[in-house]
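# An overview of the molecular structure
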Amino acid sequence: MKIAFFSTKPYDKIWFEPMGKEYGFTIHFYEVPFQEETISLARGFDAVCIFVNDYVNARMIQQLYEMEVRAILLRSAGFNHVDVKAAEDKITILRVPSYSPEAVAEFAMGMILTVNRYTHKAYNRTREFNMSLNGLMGVDLYQKTAGIVGTGKIGQAMIRICRGFGMQVLAYDPYPNKELDVEYVSLEQLMAEADLISLHCPLTSETKHIVNRSTIDHMKQGVYLVNTSRGALIDTDALIDGLVAGKFGGVGLDVYEEEEGIFYEDKSGEIMKDENLARLMTFPNVLITSHMGFFTKEAMQAIARVTLDNAYALENGLPLVNKVGTEVVCLS
Ligand code: NAD
């Protein structure tokens, strides 16, 4: 199988290059993202392998189909960036549904601990021997209430972590997991009662802006919010207004609505044109990271293994256990 690999970073090659050889695949690594302007690079390949800030719309599906590209190999769990419906009967989409839920959940808790206890600020202060504690006071998480939105693999890992901190846990999921020992409540109740809200649901037409002006109004004063799922779960304008009004104790964003083309790139020498992102950076209680919740050795290795196993299964007519269906309405 010949695979065109897009949005390649040095850390992708560490595992994909040697593993690709093991499977006997030819992988061509392109650094450019996969988008309308670069799609012609896929000609002559059997599959394209893409990441979260690449996208495939209906027009691109048709182009890939005409080029006889048979598969889209997603190096991610989320698939909101691909028009799944348009791909039906044309191209097989395979994803990595689970690689290390703990990697993302641990990162989410890390973000909360950082914004709550200002360790990012303390680090900078003490390097200059500024040992003052002014402005660095946080709150205990012990006996506070965590609200987990989405109780899939990552949400469940987050529930375990929150319980380890001695927190009460409320959960919301339209498809509650009966095996799970957790108190499910309505989204409204969760938003109103949680001291910490952590988002772990996929981006769909139902979840877009699940955090919006009205939900923010109903949240507790001083609430902590962390989003390690997809940026568009939060209405950024409403979030900024909430921050200006002093609603939040802290906000951790590993993902951002308009992250495509910015996250994963070094923009330090450029003028930042995204005014919302620039504004978010000015709040002392907001921590932004570049969609890196997944980024552990264990997760990267598992992503490479499952992505290539998916390709192997397709090539050899084996059951496609990680095929993306059309059960979820796709946004892009
Ligand atoms: P999962 O499929 O195991 O779980 C998702 C859960 O969300 C399911 O239980 C589902 O029922 C629930 N859900 C669906 N619609 C919902 C709604 N309207 N409201 C609340 N819950 C809803 O997925 P997962 O592996 O736990 O991943 C969750 C999300 O995390 C992914 O969709 C992806 O966007 C994101 N993610 C981010 C990173 C990162 O690096 N930051 C890495 C991996 C995954």
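Structure shown above.
Residues numbered from 1 in each chain as written. Predicted model: local features only at pLDDT ≥ 70, side-chain atom pairs only at ≥ 80, totals over all residues. Heavy atoms only, no water.

A tally of helices and strands in the protein yields 11 helices and 12 strands. For the protein, the C-alpha radius of gyration of 21 Å lies close to 20 Å, the compact-globule estimate for 332 residues. In terms of overall dimensions, the protein has C-alpha extents of about 60 × 50 × 35 Å along its principal axes. The buried share of the protein, taken over its 332 residues, is 52%. Long-range contacts, defined as pairs at least 24 residues apart, comprise 68% of the intrachain contacts of the protein with a sequence gap of at least 6. (Helix = DSSP H or I, 4+ residues; strand = E, 2+ residues; numbered from the N terminus. Rg over C-alpha atoms; globule rule 2.2 N^0.38 Å. Buried < 20%, exposed > 50% of the residue type's maximum accessible area, 1.4 Å probe, protein only. Contact = heavy atoms within 4.5 Å.)

Moving on to the site of the ligand. Within the structure, the ligand sits among 24 residues, and Tyr-99, Lys-153, Ile-154, Asp-173 and Thr-228 are positioned closest to it. In this structure, an oxygen atom belonging to the ligand sits 3.4 Å away from a side-chain N or O atom of Ser-229. Contact distances for the ligand include 3.0 Å between an oxygen atom and a backbone N or O atom of Phe-294. Bound to the protein, the ligand loses 87% of the 860 Å² it would expose on its own. For the shell around the ligand, the class distribution of residues is 11 nonpolar, nine polar and four charged. (Near = heavy atom within 4 Å. Polar contact = N/O pair within 3.5 Å; in protein donor to acceptor, adjacent residues only side chain to side chain. Areas by Shrake-Rupley, 256 points an atom, 1.4 Å probe, with all protein chains shown as cover. Nonpolar A, V, L, I, M, F, W, Y, C, P; charged D, E, K, R; others polar.)

The next thing to look at is the packing of helix 1 (residues 10-23) against helix 11 (residues 297-315). Packing of helix 1 against helix 11 brings their axes to within 9 Å, and their N-to-C directions diverge by 35°. Here the hand of the crossing between helix 1 and helix 11 comes out right-handed. Packed against helix 1, whose contacting residues are Tyr-11, Asp-12, Trp-15, Phe-16, Met-19, Gly-20, Glu-22 and Tyr-23, the element helix 11 presents Lys-297, Met-300, Gln-301, Ile-303, Ala-304, Arg-305, Thr-307, Leu-308, Asp-309 and Tyr-312 at the interface. In terms of residue class, the contact of helix 1 with helix 11 is made up of 10 nonpolar, three polar and five charged. (Axes fitted to C-alpha atoms, helices over the stretch in contact; angles between N-to-C directions. Left-handed = near helix turned anticlockwise from the far one by under 90°.)

Turning our attention to the sheet that holds strand 5 (residues 92-94). Note on sheets: strands pair through backbone hydrogen bonds, and any given pair is parallel or antiparallel. Sheet architecture is open: five strands sit in the order 2-1-3-4-5, paired in parallel fashion. The outermost strands of the open sheet, each flanked by one partner alone, are strand 2 (26-29) and strand 5. Neighbour to neighbour, the strand axes of the sheet diverge by 20° on average, direction disregarded. Pairing of strand 4 (residues 71-74) with strand 5 involves three bridges; the strand directions are parallel. Paired with Ile-72 across the strands is Ile-93, a residue of strand 5. Lying over the sheet, helix 1 contacts strand 1 (2-5) and strand 2, oriented at roughly 155° with respect to strand 2. (Pairing = 2+ DSSP bridges.)

This paragraph deals with the sheet that holds strand 11 (residues 248-253). Spatially, seven strands are ordered 8-7-6-9-10-11-12 in an open sheet, and the strand pairing comes out parallel. The sheet is open, and its two borders are formed by strand 8 (183-184) and strand 12 (286-288), each paired with just one other strand. Strand direction decides the pairing type here: strand 10 (residues 223-227) and strand 11, joined by five bridges, are parallel. Pairing of Asn-227 across the sheet is with Leu-253, part of strand 11. Where helix 6 (residues 153-164) meets the sheet, it contacts strand 6 (145-149), strand 7 (168-172) and strand 9 (196-199), and its direction lies at approximately 175° from that of strand 6.

As a further point, take helix 1. One full turn of an α-helix is made of 3.6 residues, so residues set three or four places apart face in the same direction. A rise of 1.5 Å per residue sets the reference length of helix 1, with its 14 residues, at 20 Å; its end C-alpha atoms lie 20 Å apart and thus fit the reference within 8%. The largest bend along helix 1 reaches roughly 30° and is located at Phe-16, with the proline Pro-18 sitting one to four residues downstream. Of the residues making up helix 1, those classed as buried are Asp-12, Trp-15, Phe-16, Met-19, Gly-20 and Tyr-23. Lining the buried residues of helix 1 we find strand 1, strand 2 and helix 11. At the exit of helix 1 stands Gly-24, carrying a positive phi of roughly 75°. (Expected span 1.5 Å × (residues − 1). Bend = angle between axes of the 7 residues up to and from the residue.)

Any link to function would need more than the numbers given here.
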